[in-house]
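# Structural overview for review
These are the residues of each chain, in order.
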Amino acid sequence: MTQDELSKALATIARYLADSIRDVANENAGRATGSEYYDAKTSPTGPTTFRRAAAAGAFPSFKVGRKLVARKAEVDAWIATQARTPKPKAQSADDVDAAFFASLQPRRSRR
């Protein structure tokens, strides 16, 4: 085997190893951003609310590279606890006026 053939064989092996390592690294990185996780872009709360809630510790989260991610089940559970109660309906101006004028009417004395 000549020096040139040996160099080509080693280059081929090095490319194969580099491709294998790259594939494994991409596969492992993809696990944390898979279908069971939300990031700020895919969260149903919106990016700002997701980041603020994660920073406040509302649900466990972690970083994968520059992305902040959290498990979907935990984010969905937190969202369920954030249900809002409707505000009481405000009285219209006509209702307020009617109540005011009713209070001005003379009351009957009891005998």
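Criteria and cut-off values
Residues numbered from 1 in each chain as written. Predicted model: local features only at pLDDT ≥ 70, side-chain atom pairs only at ≥ 80, totals over all residues. Heavy atoms only, no water. Pairing = 2+ DSSP bridges. Helix = DSSP H or I, 4+ residues; strand = E, 2+ residues; numbered from the N terminus. Phe/Tyr/Trp six-rings, centres within 6.5 Å; stacked < 30°, edge-to-face > 60°. Buried < 20%, exposed > 50% of the residue type's maximum accessible area, 1.4 Å probe, protein only. Arc of directions from axis to C-beta. Contact = heavy atoms within 4.5 Å. Axes fitted to C-alpha atoms, helices over the stretch in contact; angles between N-to-C directions. Polar contact = N/O pair within 3.5 Å; in protein donor to acceptor, adjacent residues only side chain to side chain.

Bridge count between strand β1 (residues 37-39) and strand β3 (residues 67-71): three bridges; the pairing is antiparallel. Across the sheet, Y38 pairs through a bridge with A70, a residue of β3. Bridge count for strand β2 (residues 62-64) against β3 is three bridges, and the pairing is antiparallel. Bridge pairing links K63 to L68 in β3. Here β2 hands over to β3 after two residues, with G65 in that stretch at a positive phi of 65°.

To continue, consider the packing of aromatic side chains. Tallied over the full model, the rule gives three aromatic pairs. Residues Y37 and F62 carry aromatic rings whose centres are separated by 5.8 Å and whose planes lie at 90° to one another, so their mutual orientation is edge-to-face. Here F62 lies in strand β2 and Y37 lies in strand β1, a separation of 25 residues in the sequence. Pairing F59 with W78 gives two aromatic rings, centres 5.6 Å apart and planes at 65°, and the pair type is edge-to-face. With F59 in the loop between α2 (47-56) and β2 and W78 in helix α3 (residues 72-81), this residue pair connects regions lying 19 residues apart in the sequence. Under the relative-accessibility criterion, W78 is labelled buried at 18%. The rings of F50, F59 and W78 are connected pair by pair, giving a single aromatic cluster.

Let us now look at α2. Residues that lie three or four places apart on an α-helix share one face, since the helix turns once every 3.6 residues. When we look at burial in α2, the residues that qualify are F50, A53 and A54. Looking straight down α2, one finds its buried side chains confined to an arc of 100°; they lie on one side. Of the exposed residues in α2, those oriented more than 90 degrees away from the buried face are R52, A55 and A56. Close packing links the buried residues of α2 with β1, β3 and α3. Positive phi appears at G57, one or two residues downstream of α2, with a value of about 85°.

A few words on the sheet that holds β1. Here three strands make up an open sheet; going across it, the order is β1-β3-β2 and the pairing antiparallel. Each of the sheet's edge strands pairs with one partner strand only, and the pair in question is β1 and β2. Strand-to-strand twist of the sheet, defined as the mean angle between neighbouring strand axes without regard to direction, takes the value 45°. Along the sheet, α2 contacts β1 and β3; its crossing angle with β3, the most-contacted strand, is approximately 75°.

Our next topic: the side chain of S43. Among the structural elements, S43 can be located in the loop between β1 and α2. Within polar-contact distance, the side chain of S43 engages the side chain of T45 at 2.8 Å. The contacts of S43, once residues within four sequence positions are left out, are Y38, F50 and V75.

That's the geometry; what it means functionally is another story.
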